[in-house]
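Fold and contact review
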Amino acid sequence: LDELLAEGVRGRHVLVRSDLNVPLEGEGASLAVADDGRIRASLPVLHKLAEAGARVIVMAHLGRPKGEPEERYSLRPAVVRLKELAPFTVKFAEDTVGDGAKSLAADLQDGEVLVLQNLRFDARETSKDDAQRQAFAEELAALTGGNGAYVDDAFGAVHRKHASVFDIAAKLPAFQGDLVRTELEVLTRLTDAPQRPYVVVLGGSKVSDKLAVIDNLLGRADYILVGGGMVFTFLAAQGYKVGASLLEEDQLDTVRGYLAKAKESGCSFILPTDIVVAEKFAADAAHEVVRADEMEGSRFGASGIGLDIGPDSAEAFAQQIHSANTVFWNGPMGVFEFDAFAHGTRTVAKALTGSDGFTVVGGGDSASAVRSLGFDDNAFGHISTGGGASLEYLEGKALPGLIALDR
Ligand code: 3PG
């Protein structure tokens, strides 16, 4: 970005890809942003450009609409929040590349910011057909009216081969935004010679979402602590009965393979020794703590559902985190949205905030979890704005957004 600023941007249209994909709450006209972390993280680059006199056009997506406008996926609530936070003028185009967007872009004044409606309201943004995506990128680039530039600041979307992330970088002079740069610097500290012991805490519902990252971490991390819904597949792989808990039967062999591979690679999996088992999936469900190898011994028998790691496990995980010099955490330990099952996630979050090591929280869900449990962003070494993007980076994959910028 500094290179672009050095070139001079006053009076120039600069297209910025930001990640404003934030969780919303409420309904209809009262829809509002539930966690503004990504909006705050997008502000510095927009501010720098606006201060330098650029005419900024922001491209972003929200949710996964099916290629046509849907009110519940409008970027309006995110723009309302951006307006509250921004020290510069923010305008909103109700369309993405239509007449409204064109005329608002043309009328922009130096230092003003225009946010385009959800890119994914146009099916060409995410199309698998190169020609379709390129045509859309061409129309987006045309909003700059010649002499424009492109800045990719959407770290959370760099793993997507989409028009606004990949194709557009070939249509305009392209620059890396500060958020992308910072995120890469942090994640590189995890992939290249992390300070040991290096502890990884993995949670969330599905093992299948984490397969590639687990595979890659086996040779790098010293300890992998597993909680969340995915842990039941690990417990089942060890031969334990897990009642009606989430279980991915088709992943059992893969998980057994990981447990065996871990032994060879000097990395230890640490699994919970106790589990909070509930009668049903509900905030007020009756529940009790049982040993992880006796889950069906609870009063709910084989119909009990594990909804959190137990207090002994939470304490053991916290101890392990305290003795680490590097910690990466992705995925909640239990159903933290229900207070009765938030203890594991809260304990892990607290341990990270008390750590003297370098701590990184990755993944949209974990970031929202720590904020909704009342933790301050500054208490962690880094909270990544990337969910899938940070995991794919740690998997060692080549990411389309970064490839495009390199080119
Ligand atoms: C995210 O939420 O991880 C990014 O905004 C990307 O969104 P997507 O997974 O819908 O592409």
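Everything numeric here is computed off the predicted structure, so don't read it as measured data. (Residues numbered from 1 in each chain as written. Predicted model: local features only at pLDDT ≥ 70, side-chain atom pairs only at ≥ 80, totals over all residues. Heavy atoms only, no water.)

As a further point, take the overall build of the protein. From N to C terminus, the protein includes 14 helices and 17 strands. Since a compact globule built from 407 residues should have a radius of gyration of about 22 Å, the 23 Å found for the protein is in line with a globular shape. When the backbone C-alpha atoms are referred to their principal axes, the protein occupies close to 70 × 45 × 40 Å. Evaluated residue by residue, the protein yields a buried proportion of 57% over its 407 residues. (Helix = DSSP H or I, 4+ residues; strand = E, 2+ residues; numbered from the N terminus. Rg over C-alpha atoms; globule rule 2.2 N^0.38 Å. Buried < 20%, exposed > 50% of the residue type's maximum accessible area, 1.4 Å probe, protein only.)

For the protein, mean pLDDT is 95; residues scoring 70 or higher make up 100% of the total. Across the assembled chains, the prediction reports ipTM 0.98 with pTM 0.90. (pLDDT = per-residue confidence, 0-100.)

One can describe the packing of helix 10 (residues 311-322) onto helix 11 (residues 343-353) by two numbers: an axis separation of 9 Å at closest approach and a directional angle of 15 degrees. Taken as axis vectors, helix 10 and helix 11 run roughly parallel relative to one another. With respect to the hand of their crossing, helix 10 and helix 11 are arranged in right-handed fashion. Seen from helix 10, the contacting residues are Pro311, Ala314, Phe317, Ala318, Ile321 and His322; seen from helix 11, they are His343, Gly344, Thr347, Val348, Ala351 and Leu352. In terms of residue class, the contact of helix 10 with helix 11 is made up of eight nonpolar, four polar and no charged. (Axes fitted to C-alpha atoms, helices over the stretch in contact; angles between N-to-C directions. Parallel < 35°, antiparallel > 145°, perpendicular 65-115°, else oblique. Left-handed = near helix turned anticlockwise from the far one by under 90°. Contact = heavy atoms within 4.5 Å. Nonpolar A, V, L, I, M, F, W, Y, C, P; charged D, E, K, R; others polar.)

The next point concerns the pattern of salt bridges. As enumerated under the stated definition, the model contains 29 salt bridges in all. Across the pair Arg181 and Asp178 runs a salt bridge whose closest N-O atoms are separated by 3.8 Å. Placement of the pair is Arg181 and Asp178 together in helix 6 (residues 178-191), with a separation of three residues, close to one helical turn. For Asp178, a relative accessible area of 13% translates into the label buried. The salt bridge involving Arg346 is made with Asp339; its shortest N-O contact spans 3.3 Å. (Salt bridge = Lys/Arg side-chain N within 4 Å of Asp/Glu carboxyl O.)

A few words on the layout of surface pockets. One simple way to see leftover space: roll a probe sized like a water molecule over the atoms. Empty space within the second largest pocket amounts to approximately 230 Å³. Lining the second largest pocket are Gly28, Ala29, Leu31, Ala32, Val33, Glu71, Arg72, Ser74, Arg76, Pro77, Val80 and Arg81. Among the elements of the structure, strand 3 (32-33) and helix 3 (76-85) are those that each provide at least two residues to the lining of the second largest pocket. Counting residues per element, the lining of the second largest pocket draws most heavily on helix 3, which supplies four residues. Along the lines of polarity and charge, the residues of the lining of the second largest pocket split into six nonpolar, two polar and four charged. (1 Å grid on protein atoms, 1.4 Å probe; cavity = no way out; pocket = protein on both sides within 12 Å on 5 of 7 lines; lining within 4 Å. Points joined across faces, edges and corners; volume = space filled by probe spheres on them.)

Turning our attention to the environment of Ser355. By secondary structure assignment, the location of Ser355 is in the loop between helix 11 and strand 16 (358-361). Assessed through its relative accessible area of 12%, Ser355 is described here as buried. Taking the C-alpha atoms as reference points, Ser355 and Phe380, separated by 25 residues in sequence, lie 8.7 Å from one another.

Now for the site of the ligand. Around the ligand, the structure places Asp19, Asn21, Arg38, His61, Arg64, Arg120, Gly156 and Arg160. Here an oxygen atom of the ligand and a side-chain polar atom of Arg64 are 2.6 Å apart. Protein burial of the ligand: of its 310 Å² of free accessible surface, 88% is covered by the chains. Its residues assigned to classes, the shell around the ligand shows no nonpolar, three polar and five charged. (Near = heavy atom within 4 Å. Polar contact = N/O pair within 3.5 Å; in protein donor to acceptor, adjacent residues only side chain to side chain. Areas by Shrake-Rupley, 256 points an atom, 1.4 Å probe, with all protein chains shown as cover.)

Attention now moves to the packing of aromatic side chains. Per the counting criterion, the structure on display carries three aromatic pairs. Relative to Phe380, the ring of Phe375 lies with its centre 6.3 Å away and its plane at 65 degrees, an arrangement referred to as edge-to-face. Judged by relative accessible area, Phe380 falls into the buried class, the value being 6%. Residue placement shows Arg189 over the ring face of Phe358; its charged tip is 3.6 Å from the ring centre. (Phe/Tyr/Trp six-rings, centres within 6.5 Å; stacked < 30°, edge-to-face > 60°. Lys NZ or Arg CZ within 6 Å of the ring centre and 35° of its normal.)

All right, on to the sheet that holds strand 11 (residues 268-270) then. Taken in spatial order, the six strands make up an open sheet running 11-10-9-15-16-17, and their pairing is parallel. Each having just a single partner strand, strand 11 and strand 17 (382-383) make up the two edges of the open sheet. Strand direction decides the pairing type here: strand 9 (residues 198-202) and strand 15 (residues 326-330), joined by five bridges, are parallel. Among the inter-strand pairings, Val201 is bridged to a residue of strand 15, identified as Trp329. Strands strand 9, strand 10 (223-226), strand 11 and strand 15 of the sheet are contacted by helix 10, whose axis makes an angle of about 150 degrees with strand 10. (Pairing = 2+ DSSP bridges.)

So, about the pairing of strand 16. Within a regular beta strand, the side chains point alternately toward one face of the sheet and then the other, so they alternate between its two faces. Residues Phe358 and Val360 line one face of strand 16 and the alternating positions Thr359 and Val361 line the opposite face, and both faces are buried. In terms of strand pairing, strand 15 meets strand 16 through four bridges, oriented parallel. Within strand 16, the residue paired with Trp329 across the bridge is Val361. With helix 11 bridging strand 15 and the parallel strand 16, this β-α-β connection has right-handed handedness. (Right-handed = clockwise from strand over helix to strand, strands pointing away.)

In contact at an axis separation of 11 Å, helix 2 (residues 37-51) and helix 3 are set at 60 degrees when each is read in the N-to-C sense. If you check the angle between helix 2 and helix 3, you find them oblique. Here the hand of the crossing between helix 2 and helix 3 comes out right-handed. Contacts between helix 2 and helix 3 involve Ile39, Arg40, Leu43 and Leu46 from the former and Ala78, Arg81, Leu82 and Leu85 from the latter. Residues that form the contact of helix 2 with helix 3 fall into these classes: six nonpolar, no polar and two charged.

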